[in-house]
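Coordinate inspection notes
Each chain, letter by letter, is given below.
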Amino acid sequence: MEVYDAASGKLPGYNRQITNYCQVLKDVFMTESFPSVFFVSIIATLFVTPVSAQTRERVPAPTANEVTAVFAKEPPRIDGFLDDAIWAEIEPITEFIQNWPDDGAPGTERSEVRVAYDRDFLYFALKFYDRNPELIEANVMKRGGRNSRDDHAHIAIDTYLDRRNAYLFEMTALGTQDDATLTDERLTMDSFSWDAVYESETQIDDEGWSMEVSIPFRQLRFPKGDELEFGLMISRAISRKNERVVWPAIGLEYGQGYGVIPAVSQYGTLKGLKNIRRGKNIEFKPYVITSVQETRPDGLHGKLDSEFKKDIGGDLKYGITSSLTMDLTVNTDFAQVEADNVQLNLTRFSLFFPEKREFFLERSGLFEHGNPRSTQTFFSRRIGLDADILAGLRLTGQVNRISVGLLNVEEGDKMGDIFGTKSVNSSVVRIRSNVFPRGTVGAIFTNVQAQGRYNRAAGVDAQYRFFSASEVTGWVTQVWDTVDSLRDAAGHISARFQDDLYMAQAQFTSVGRNYRPELGFVRRLDMREYSAEIAYKPVVSLSALPMIRRITIKGDYNFIENQRGRKQSTRSKIEIRAQAQRSDNVTVDVENRFERLDQPFFIRPDVEIPVGDYNFVTVGLRVRTDDSRRQYSRVSISTGAFFNGDRTDLSLTLGFRQSKYLQLEARVRQSRIDLPVENGRFDATTLTMTILGATSRKLFGEALVQYDNFTRNLQSNIRIDWIHTPGSDLFIVFNTSYFFPLDNDELFDPNRNVILTDRAAVAKVTYLVML
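These notes cover the structure that comes with them.

The rules behind the values
- Residues numbered from 1 in each chain as written.
- Predicted model: local features only at pLDDT ≥ 70, side-chain atom pairs only at ≥ 80, totals over all residues.
- Heavy atoms only, no water.
- Helix = DSSP H or I, 4+ residues; strand = E, 2+ residues; numbered from the N terminus.
- Core = buried A, V, L, I, M, F, W, Y, C linked by side-chain atoms within 4.5 Å.
- Buried < 20%, exposed > 50% of the residue type's maximum accessible area, 1.4 Å probe, protein only.
- Contact = heavy atoms within 4.5 Å.
- Pairing = 2+ DSSP bridges.

Right, let's get into unusual backbone geometry. As a rule of thumb, non-glycine residues mostly have phi less than zero, and peptide bonds are mostly trans rather than cis. Residue Pro101 follows Trp100 across a cis peptide bond; omega there is 10°. Look at the link from Trp247 to Pro248: it is a cis peptide, with omega at -5°. Considering the arrangement of structural elements, one finds Pro248 in the loop between β12 (243–247) and β13 (268–274). Although it is not a glycine, Phe436 sits at a positive phi angle of roughly 60°.

Here we take up the nonpolar core. Membership of the largest hydrophobic core comes to 44 residues, with the highest contact counts inside it found for Phe124, Leu126 and Phe169. Within the residue set of this core, elements represented by two or more residues are β4 (111–117), β5 (121–129), β6 (152–158), β7 (166–172), β10 (208–216), β11 (227–238), β12 and β13. Leave out the neighbours within four places in its chain, and Phe169 touches Ala153, His154, Ile155, Ile157, Asp178, Trp194, Ala196, Tyr198, Ile215 and Leu220. Judged by nonpolar contacts, the second largest core, of 15 residues, contains Ala156, Ala180, Leu182 and Ile261.

This part is about the sheet that holds strand β17 (residues 370–371). Strands sit in the order β17-β18-β27 across an open sheet of 3 strands; the sheet is antiparallel. Looking at the sheet topology across the chains shown, the edges are occupied by β17 and β27 (521–522). Judged from the 2 bridges that link them, β17 and strand β18 (residues 375–376) form a sheet pairing that is antiparallel. Counterpart to Asn371 in the pairing with β18 is Thr375.

Moving on, we come to the sheet that holds β5. Ordered in space as β2-β4-β5-β10-β9, the 5 strands form an open sheet in which the pairing is mixed. Edge positions in the sheet fall to β2 (70–71) and β9 (199–205), since each has one partner strand and no second. Taken together, the 7 bridges between β9 and β10 define a ladder with antiparallel strand orientation. Considered in β10, the bridge of Ile204 is made with Trp209.

Here it is, written out as structure tokens:
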């Protein structure tokens, strides 16, 4: 077994791995050919790592919190009734401790969890008592919906016992599911893109609610061995009380609510798993799609042209080993992906639109490198922008201490272009290695290869977590391009110290003038950014305001100069937030900004902001009620100076849950701007309506209707999903777009000549075959 030698400060064999990685990087950049040599070298380096699967390093559990799974000779019937014989034989976990609102106190309601297994499945029986069962929140039916609004439970499993990464299973009191993968003790919205196939059924009775869960071992990746130990965390959320209890106890210093889930280093240990089977680990999901679309290719006043299409394709998932998985997609189609939310850009920098395509979202946390939504070395949404995705391959997994991810995608106008001179190849290689108890080092390489040109980026990063939620991180990326002037670099270093009461953070980011990784996202070029932030967030008990549970006082400062040292922007902000026990909160803030424009920019096509120095102060107020209420709302207003003029931002969201079968949410956002330039007085308005409907957990639909006054387009996206068998769907999608000519100021004037610009109907059916 290789362990860290504190006296010498060395890991046996680790320096040898670093030498191998450096040689690989040297070899690839000495050639102009497509980096197949790089892929082969990386894989070879991984498989000759000196730590064997049998002698992999095991990090001991932080406490004595352990549970032993009991072998089930007869599998339980997954129906939510805990009447199977196996459950009567098992002593339950009962030591559930609050994380919020009373950190460290026992839960206000009793909770019991039992764990069993057979060779193919891991079983959980959860009994959540409730003295007021009529108040249990159970309304969300859409898989992957806003489950946090309901009473729900989480089961997180660290299969490698590395205290860093885990699989997360989320189930509500209705049994509605969602799932995620945690990477390096991080949980983001993208983490929930993983879709596992497992069973969960619930029952609500006069004692509370109960649930049975069956997780196939084939859905997990874990090391070889006749007897295995996993990390385990189980939590329960009582929505109406905004209460979260967890086993094992994870304190508020690691985060509030969902914040405890990523603390994989604090999980308990699940023992007693013997001789479990992995199965053949082969999944095939073919699809058939048909669509009809009408567009106006000759402009708004041209004729509507119709086009009918039909196609087939599919995805293959193959478990190469117990810990490495290959995903292959052919003739990829994303017609069922939900539409983007409309954003109006009132800045001089690019907007960020998150990735929503399933193939790129799964295990996306492994490929993260750089500052999210700001300076990302890899941003998958760059792939497939200008051409169809003809084929794609992804390899992800963990080999001993090393997590590896490889992605290769071929783009072109038609399948005949694949691997030809008209196609574009995009590839990514990502490696992360665990070092020390809570440290990570890694590297990334991206490449875009087309006829006569390439763009490549290589970067390294490191992260060390300490205390509870404190960490030091850093990364550097270099870009090479066919055009010599586009070869540039970027880097970042930050330190954050945080517990349940205080937070302090300092950061530095540098981005070159010509730093343009073709597979990345860079919001702002040519800058050196210095920032600092402090926060004080005590839990309080105020006799005058008993509803207030926590107060957060936060201040931050940001200074940006260009690479020549000339000041470009500054921002200082003070924010005070009062949070009630039920997630209701009120926030007030004051912000002071400076912007220097060395060249003019157009805030909209007919409004130009001239060169100059600008100072402006804004004040804001935000009020938000708990989303789990039947009626909820979010209101925000801010006002102040804006480029020598004035700006007022208003936002209002109203939500109503009629029942578990129908939920509505409406939002209006408006910026009223008055600038001392030509055409400088205008509004920027977006209107959004979301309708969620469901008849069961297997059949649900969503309608998104949006309008903005910049494009004057009214768009609708209607998506119906029928999960006809587990992991298999029938999608029906309708998209429509209308243009509102600027005849007058009345948006909904019945006499207005509205123009249909685009409409489409899509039907797509998938079927999952597991071997």
